[in-house]
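# Survey of secondary and tertiary structure
Residues per chain are reported as follows:
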Amino acid sequence: MDSLWKKVNHLLEPQDIHKEEAQGLLKEYESKGCLKRLNRQLLEYPLTVTANFFYRLSLLHSNKSPIYRKRDSRWIAQKDITRINLKAAYTPGLKANFLQSAMLLPALRTGAVQLDPFTESEHDSAIRLLSHSKIDKSLIIPELEELGFSGEQQLECFIQAAHLCGMVVGLDLSFHLSRDAEALYRRPELFRWIKLDPQRHHIPWNHLSYDEMLSEPQQEQICTEIKEMVSRPEMDVSDRFFMNRELRRAGYFPVPSNRENRGYIPLFIVYDNEKDEAVFTSHSEDLHITSFRFYKADNPQAKGQYQNQTIDYFSRIFSLWQPRGFDFLFLDGAIGVQEDENQPAFHAEGPDASILKQVIDNVRAKKKSAGIIGSGKVEHLDESLTLGFNSIVNQEDPLRLDRGYIEKSLAQQKELKIFNQNRKIPGTIYTKLSLAEQNSHSFSQKVHLEHFCCRFMNCGQAGRRKFEMMGINDGSAGYGASLRHKSSLIWREDRGFLDKYHTLEDIFQKHSHTLDKGEIVDIRVDEHYAWWLIKGPSEMLAAVVSVENDEMLAPPLLELDLSNYMKEFQTPNILEYDFKSPSGNLVLTMSDFIEVYHLGYRGYRLYSIK
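Residues numbered from 1 in each chain as written. Predicted model: local features only at pLDDT ≥ 70, side-chain atom pairs only at ≥ 80, totals over all residues. Heavy atoms only, no water.

### Some details on the sheet that holds strand S22 (residues 604-609)
- Spatially, six strands are ordered S15-S16-S17-S22-S19-S20 in an open sheet, and the strand pairing comes out antiparallel. The outermost strands of the open sheet, each flanked by one partner alone, are strand S15 (519-525) and strand S20 (585-587). Each strand of the sheet is rotated relative to its neighbour by a mean of 20°, with strand direction disregarded.
- Here three bridges tie strand S19 (residues 574-577) to S20, and the two strands are oriented antiparallel to one another. Residue pairing in the sheet places Ile 574 in a bridge with Val 587 of S20.
- On top of the sheet, helix H15 (residues 403-420) reaches S15, strand S16 (529-535) and strand S17 (540-546); it is set at about 160° to S15, its chief contact. (Pairing = 2+ DSSP bridges. Helix = DSSP H or I, 4+ residues; strand = E, 2+ residues; numbered from the N terminus. Axes fitted to C-alpha atoms, helices over the stretch in contact; angles between N-to-C directions. Contact = heavy atoms within 4.5 Å.)

### Describing the nonpolar core
- Membership of the largest hydrophobic core comes to 129 residues, with the highest contact counts inside it found for Leu 105 and Phe 118.
- The element that contributes the greatest number of residues to this core is helix H7 (residues 151-164), accounting for seven residues.
- Ignoring sequence-local partners within four residues, the contact set of Phe 118 consists of Leu 86, Lys 87, Phe 98, Ile 135, Asp 136, Leu 139, Leu 155, Leu 171, Trp 321 and Phe 326.
- Membership of the second largest hydrophobic core comes to 26 residues, among which are Phe 452, Ile 507, Val 547 and Phe 579. (Core = buried A, V, L, I, M, F, W, Y, C linked by side-chain atoms within 4.5 Å. Buried < 20%, exposed > 50% of the residue type's maximum accessible area, 1.4 Å probe, protein only.)

### So, empty space enclosed by the protein
- Enumeration according to the criterion identifies six cavities of 30 Å³ or more in this entry.
- Each pocket or cavity is described by its volume, and for the largest cavity that value is around 80 Å³.
- Pro 117, Phe 118, Thr 119, Leu 129, Ser 131, His 132, Leu 171, Asp 172, Leu 173, Ser 174, Ile 317 and Trp 321 together form the lining of the largest cavity.
- Of all the elements in the fold, those that place two or more residues in the lining of the largest cavity are strand S3 (168-173) and helix H12 (308-321).
- There is about 70 Å³ of room inside the second largest cavity.
- As for the second largest cavity, its lining consists of 14 residues, of which Phe 443, Ser 444, Gly 475, Ser 476 and Arg 492 are closest to the centre.
- The dominant element in the lining of the second largest cavity, judged by the number of residues it contributes, is helix H16 (residues 441-456), at three residues.
- In terms of residue class, the lining of the second largest cavity is made up of seven nonpolar, six polar and one charged. (1 Å grid on protein atoms, 1.4 Å probe; cavity = no way out; pocket = protein on both sides within 12 Å on 5 of 7 lines; lining within 4 Å. Points joined across faces, edges and corners; volume = space filled by probe spheres on them. Nonpolar A, V, L, I, M, F, W, Y, C, P; charged D, E, K, R; others polar.)

### A few points about the environment of Leu 387
- Looking at the secondary structure, you find Leu 387 in helix H14 (residues 381-387).
- The exposure class assigned to Leu 387 is buried, which follows from its relative accessible area of 11%.
- Taking the C-alpha atoms as reference points, Leu 387 and Asp 361, 26 residues apart in sequence, are found 8.9 Å from one another.

Structure, rendered in structure tokens:
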């Protein structure tokens, strides 16, 4: 596969000073394995430096996917993931684009990146998608496009950059679209509609009840009418503002999403004359989007009443993007919409188990090695693997990292170890590390503690991996807001936070063999502290944390009792990591106890015992 970065480098013609800077970055990356730089600094490198860096990197490494020879999807159980919102990867005075965003990749300490939707969306929201197939023009550098380097090639540049850094790339697939999306009037049968009297919008057409309006015959009739309307010569189908205005004038309104109560279709309440909008009983944010109509409406309690053309359309979206270099699929918000004896077989919002199975089978028919991830709860893992998922991202965000959190996490770790013992392809749970919406010292402490627990609590066959947000390495904030309001992150210029993040990752990498092969053999948990012991082939690791509590008190002097695990007359070689540097401090002791001093509230330590 030809290097697209070679072509970009040729088109941009970097000056000698930029070549020298790129060469320095490459030397640092090759020697250290990553660029330990602030995200803002990385984004603000001149594009010529970025292009020359990746061109030089392409001379040393393959731009093919790291998993291009894999025959199945078991590889994904070994990948940590960073979630990236490309539309938020910019700084004041600079514009987000595929090429410049690639400079974030060499700074990551994960083996995979998952891209939030990069297709067209409304101007004020990154997640109110206008298309699943058209690249957002705001991410394309127009000067390169004018030189014949298309938007699709610019996207592929980012993907090649990830592959050059040894990372796989995932596509985020949502089953929602903006209610103003072009697909609604081009493919109306894929969505739900109501029709109001064109002369009296507050009255449903023919005085139909809402249930009658949503019945299958009426939905087919409405879709037929919309198609006929759209096909008229006077209709400018390329102008979505014009088309949506005409549809509303004729009384056609798509039914909004209902993510807060996904088992029910929102009710139509009234027509708002001022806003020229039909009002529904839906959460305020959901009013702007609609979901695919996966199910027929005549008999919602009957199993198998699916809209096959909608499922086929939804299933083909990953196949559309996969040739660009995508390695795995993230089905956003899908897991948990399952059938059970206590729930109806019909779900108004999102695909159920049968639909998910069809989508996954379609993806794997085109690419057997494709990884499939969803978001859900830990208890959904078994049923999710049955459908073909490889893993789930735990959607439960802990309010506090207290005793209950530690006990629950360690219990899940034990359950996952047992769960994976006899599985050819292990199931994986991702622990999500989230960002604050605003910069906060208190939240920074919590992020570091959660990061430590994520890295050093899981070992062996437990199948727990890290799922982090873009910007977490330097403590930047506002990821959620960047999706809702199409804004940049609040970039933090805190070298101390950055150094602490990378120090933890360096120590994790140093002891990764013990974590991969070891198992937890002892656990002690209290209201103020917790520690657990991991026994590996050639060393033991003791992890100690100060847990959150109502009094905000750090634990007193702790003694870790290792007497059950030390050989008689053995003098252990013990290193203490306080995470101020990657190198440990030698602990001198002649006993079977380790004394832990001055841990501090939300503090943590690691001990290597050989």
